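# Overview (structure and organization)
Below are the chains, spelled out letter by letter.
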Amino acid sequence: GEEEEIFEGCCSAVLATLRALTIRMSTHPPKFLILSGSLRADSDSRKVAVEAGRILASYGATVKLFDPKDLPLFSADVKDPNSIPKVKELRALTRWAEGMVWVSPEVHGNFSAVFKNQVDWMPLTEGALRPTQGKTLAVLQVNAGSQSFNTVNNLRVLGRWMRMVCIPNQSSIPKAYNEFNEDGSLKDSSLRNRVVDVVEELFKYTLLLRDQQPYLLARYGEKRAMQERHLKQTKSMASGAVLRSLVKPIILDVRSEKEVAAEKGGKKLAGSINVPLNVDGNPQSVHRTTAEEFRAKLREAGVALSQLSKEETAFIAHCTKGNTDYIGRGARAAALLRDMGFVSSYNGGSADEIRTALAS
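### Quick notes on the overall build of the protein chain
Across its full length, the protein chain holds 13 helices and 10 strands. Over its C-alpha atoms the protein chain spans a radius of gyration of 27 Å, topping by over 25% the 21 Å that the globule rule assigns to 360 residues. Considered along the principal axes of its C-alpha atoms, the protein chain spans approximately 85 × 45 × 35 Å. Among the 360 residues that make up the protein chain, the fraction classed as buried is 46%. Across the protein chain, every contact between residues at least 6 apart in sequence was considered, and the portion connecting residues at least 24 apart equals 74%. Total accessible area on the protein chain stands at roughly 18300 Å², and carbon and sulfur atoms take up 53% of it. Averaging the positions of the 49 positive and the 41 negative side-chain charges in the protein chain gives two centres separated by 4 Å.

Next up, the structure:
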């Protein structure tokens, strides 16, 4: 059957989840960014960060360790963060990574200022992009004294604030200065075993979750805002110039069969596809057609959306009349198509109005 993408409102939550889990998994090496929280030449947190990187690399991952040296103190007064080379590097790595490892020493019961400064330079949003949202995270800490969990607990709070998926396992190494070999690697011990456990768990979670981001990160509030924006964009008829600029547009006649036969809004356009928008004859004021219902109607009419390019395919939808005080079916159909990613979808008004516009 036709492969379908997963989008909010497409089906029941159970079915949507099962469909998402059947998406073919990517096979490229997972990409990890590792941050450590000290500038000290013989930094224990950096040693653990390097150890975590070695382990990940042994699994086949691609690993990059960010050096916080020369990263300036965060300031909201900086108008163009990308004008600072070290900030630009960190932000590029943040976008590149599919998962992260955070390692910080515990300083006065919390993560270090050096570590927090790196996260402060990571934006929650860059335009429409959320660079850290949905990415996996493992947290580890090193202690100069007895074992503590203050830092890993607070790193979890910080990770959640950055909208990351923090794995359940974590590591805290007491008296870390006693746990390294002369070459800087961790001694073979139960503490190193825990580091391996954490890193292995992160690797597995990343493989399982990285391809599920479009489904897992679909937020109801953002979807509603997007739908309202699309309706606002398509409420008015597109200009004749816009319609004439479209390359081989697919014209969707969303009138009922009865309206088409009665030529309400004009005679059926040659080559147009009749896809009545209303479900079971109910007007939109009674039942507003969902994206899934419209997708099913399109499929029945022979329009396989999964086989069309969202960037290159153009749609013109129309009903019986153009600009109205209410949101007409042509506008709703075009908005639904935009909701599904077809950005070049327009309200053509009526058959007669499209005919006139294209003939001009």
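Next comes the rest of the write-up.
### Topic: the packing of aromatic side chains
Within this structure, the stated rule accounts for 6 aromatic pairs. Ring plane angle 65° and centroid distance 5.3 Å describe the contact between Trp102 and Phe115, whose orientation is recorded as edge-to-face. Placement of Trp102 in strand β3 (residues 99-105) and of Phe115 in helix α4 (residues 113-120) is noted, with a sequence separation of 13 residues between them. Accessibility assignment for this pair places Trp102 and Phe115 in one class, buried. Over the aromatic face of Phe180 sits the side chain of Lys47, whose NZ or CZ is 4.9 Å from the ring centroid. We note Lys64 situated over the ring of Trp96; from NZ or CZ to the ring centre the distance is 4.6 Å.

### Observations regarding unusual backbone geometry
A positive phi angle, close to 50°, is found at His108, a residue other than glycine. When you line up the elements, His108 lands in the loop between β3 and α4. The exposed category is assigned to His108, whose relative accessible area is 85%. In this model, Lys248 sits at a positive phi of 45°, which is unusual for a non-glycine residue. In this structure, Lys248 sits in the loop between α9 (240-245) and β7 (250-253).

### What about the pairing of β7?
Across 4 bridges, β7 lies against strand β9 (residues 314-319) in parallel orientation. Paired with Ile251 across the bridge in β9 is Ile316.

### Notes on the pattern of salt bridges
By the definition in use, this model includes 17 salt bridges. A salt bridge links Arg54 to Glu51; the nearest nitrogen and oxygen atoms lie 3.0 Å apart. Of the two residues, Arg54 and Glu51 both sit in helix α2 (residues 44-58), 3 residues apart, roughly one turn of that helix. Looking at Arg54, the relative accessible area reads 43%, which means it is partly exposed. Two residues, Glu89 and Lys86, come together in a salt bridge whose shortest N-O distance is 3.3 Å. Residue Glu89 and its partner Lys86 are both found in helix α3 (residues 85-96); the two are separated by 3 residues, about one turn of the helix.

Calculation notes
Residues numbered from 1 in each chain as written. Predicted model: local features only at pLDDT ≥ 70, side-chain atom pairs only at ≥ 80, totals over all residues. Heavy atoms only, no water. Helix = DSSP H or I, 4+ residues; strand = E, 2+ residues; numbered from the N terminus. Rg over C-alpha atoms; globule rule 2.2 N^0.38 Å. Buried < 20%, exposed > 50% of the residue type's maximum accessible area, 1.4 Å probe, protein only. Contact = heavy atoms within 4.5 Å. Areas by Shrake-Rupley, 256 points an atom, 1.4 Å probe, with all protein chains shown as cover. Lys, Arg positive; Asp, Glu negative; His and termini not counted. Charge placed at Lys NZ, Arg CZ, Asp CG, Glu CD. Phe/Tyr/Trp six-rings, centres within 6.5 Å; stacked < 30°, edge-to-face > 60°. Lys NZ or Arg CZ within 6 Å of the ring centre and 35° of its normal. Pairing = 2+ DSSP bridges. Salt bridge = Lys/Arg side-chain N within 4 Å of Asp/Glu carboxyl O.

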